[in-house]
Amino acid sequence: MNVKEMKAQLLSLADTFKEKEEELTDLDRAIGDGDHGVNMERGFSHLEGNIDDSDMASLFKTTGMTLMSKIGGASGPLYGFSFVKMASVVKDEIDNDNLKELLKTFADAIAQRGKVELNEKTMYDVVERANEALQKDEKLNLEKLQSYADDTKDMVATKGRASYFKEDSKGYIDPGAQSMVYILNALMGDES
């Protein structure tokens, strides 16, 4: 995938989050503060006109900076920091090897910034499982990514606002895990 195609994928997330805003808000209302959908929609709607597509590294870095400044809550710093980190490893033409490198960097950035591990009912549960699958050359698609988010339904949250709900956080997909599905699907483009 080249820079023009990746830019289109990233910009298309504004439509995705506009469409999924209510779903993400409902998930976040159940086990959070109810603003995840609005925050994601707001953040990605600001990409248009604020990202530099002169090369792939600039595209990722300016995406990260925009998300950091426009997405509220914990997701802004997490997604923003991750895109800035990915900017240092992205190639101008993303092939399968570079995608592996990107997903590893994405997962590491979320773990580092969020101080999270697997099975804590966070966005990390999706990005790390996707990373592991890709490293093993398993096929990833929207359905597979969704299954990783669905797995968070049976987990008890131990991080973030959802952790206040303890056992009551079970039965709900983590909102960050759900938004990660859409972001990873966009990053993979035609790979998925």
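The coordinates are above.
Residues numbered from 1 in each chain as written. Predicted model: local features only at pLDDT ≥ 70, side-chain atom pairs only at ≥ 80, totals over all residues. Heavy atoms only, no water.

**A few points about the overall build of the protein chain**
Basically, it comes down to this: Only runs of H or I of at least four residues qualify as helices and only runs of E of at least two qualify as strands under DSSP, and these elements are numbered from the N terminus. Only protein chains enter the accessibility calculation, which uses a 1.4 Å probe. A residue is then buried if its area is under 20% of the maximum for its type, exposed if over 50%, and partly exposed in between.
The number of helices and strands found in the protein chain is eight helices and zero strands. Order of helices (α) and strands (β) in the protein chain, N terminus to C terminus: α-α-α-α-α-α-α-α. For the C-alpha atoms alone, the extent of the protein chain along its principal axes is close to 45 × 35 × 25 Å. In the protein chain, buried positions account for 50% of the 192 residues.

**Considering the layout of surface pockets**
Note the following rule: Lining residues are defined by having an atom within 4 Å of a point belonging to a cavity or pocket. Those points lie on a 1 Å grid over the protein atoms alone, cavities being sets where a 1.4 Å probe fits but cannot get out and pockets being open sets with protein on both sides within 12 Å along at least five of seven lines. Grid points are joined across faces, edges and corners, and a volume is the space filled by probe spheres set on the points. Residues are sorted three ways: Asp, Glu, Lys and Arg are charged, Ala, Val, Leu, Ile, Met, Phe, Trp, Tyr, Cys and Pro are nonpolar, and all the rest, Gly among them, are polar.
Size it by volume and the largest pocket reaches roughly 550 Å³. Forming the boundary of the largest pocket are 25 residues, of which Ala-74, Ser-75, Gly-160, Arg-161 and Asp-174 lie nearest the centre. Elements represented by at least two residues in the lining of the largest pocket include exactly helix H1 (3-31), helix H2 (36-45), helix H4 (75-87), helix H5 (96-114) and helix H8 (175-188). Of the residues in the lining of the largest pocket, the class split is eight nonpolar, 10 polar and seven charged.

**A closer look at the pattern of salt bridges**
Let me state the cut-off plainly: A pair is scored as a salt bridge if a Lys or Arg side-chain nitrogen falls within 4 Å of a carboxyl oxygen belonging to Asp or Glu.
Evaluation of the coordinates by the stated rule reveals nine salt bridges. Asp-26 is paired through a salt bridge with Arg-29; the nearest N and O atoms lie 3.0 Å apart. Of this pair, Asp-26 and Arg-29 both sit in helix H1, separated by three residues, roughly a single helical turn. Residue Asp-26 is classed as partly exposed on the basis of its relative accessible area, which comes to 39%. For Arg-29, a relative accessible area of 54% puts it in the exposed group.

**A look at a negative patch on the surface**
For clarity, the cut-off: Patches here are clusters of residues that have more than 30% relative accessible area and form no salt bridge, with a 9 Å joining cutoff for like charges and a 5 Å cutoff for nonpolar side chains (Val, Leu, Ile, Met, Phe, Trp, Tyr). Using a 1.4 Å probe, accessible areas were evaluated by the Shrake-Rupley method; residue-level cover was limited to the displayed protein chains. When charges are counted, neither His nor the chain ends are considered; positive counts come from Lys and Arg and negative counts from Asp and Glu. Charge positions are represented by NZ for Lys, CZ for Arg, CG for Asp and CD for Glu.
On the surface, Glu-5, Asp-92, Glu-93, Asp-95 and Asp-97 cluster together into a negatively charged patch. Its location among the elements puts Glu-5 in helix H1.

**Here we look at the side chain of Lys-100**
Test applied: Contact definition: two residues touch when any of their heavy atoms are within 4.5 Å.
With respect to the secondary-structure elements, Lys-100 resides in helix H5. Judged by relative accessible area, which is 14%, Lys-100 ranks as buried. Other than its neighbours up to four places away in sequence, Lys-100 contacts Asn-131, Leu-134, Gln-135 and Asp-137.

**Here's the deal with the nonpolar core**
We apply this condition: We call a set of buried Ala, Val, Leu, Ile, Met, Phe, Trp, Tyr and Cys residues a nonpolar core when their side-chain atoms join them within 4.5 Å.
In this structure, Phe-60, Phe-106 and Leu-184 are the most contacted members of the largest nonpolar core, which totals 54 residues. For this core, the secondary-structure elements that each account for two or more residues are H1, H2, helix H3 (56-70), H4, H5, helix H6 (124-135), helix H7 (142-151) and H8. The leading source of residues in this core is H8, at nine residues. Other than its neighbours up to four places away in sequence, Phe-60 contacts Met-6, Phe-83, Val-84, Met-86, Ala-87, Val-90, Ile-94, Leu-102 and Leu-187.

**Side note on the packing of aromatic side chains**
Geometry of an aromatic ring pair is reported as the spacing of the ring centres plus the angle between the planes. Selection rule: Aromatic pairing here means that ring centres of Phe, Tyr or Trp (its six-membered ring) are within 6.5 Å. Orientation follows from the plane angle: under 30 degrees is stacked, over 60 is edge-to-face, and everything else is tilted.
Within the structure shown, the criterion is met by five aromatic pairs. Ring geometry for Tyr-79 against Phe-106: centres 6.4 Å apart, planes inclined by 70°, an arrangement best described as edge-to-face. Taken as a pair, Tyr-79 in helix H4 and Phe-106 in helix H5 lie far apart in primary sequence, 27 residues in all. On the basis of relative accessibility, which here comes to 0%, the residue Tyr-79 falls in the buried class. Put simply, the rings of Phe-60, Tyr-79, Phe-83 and Phe-106 pair up and form one aromatic cluster.

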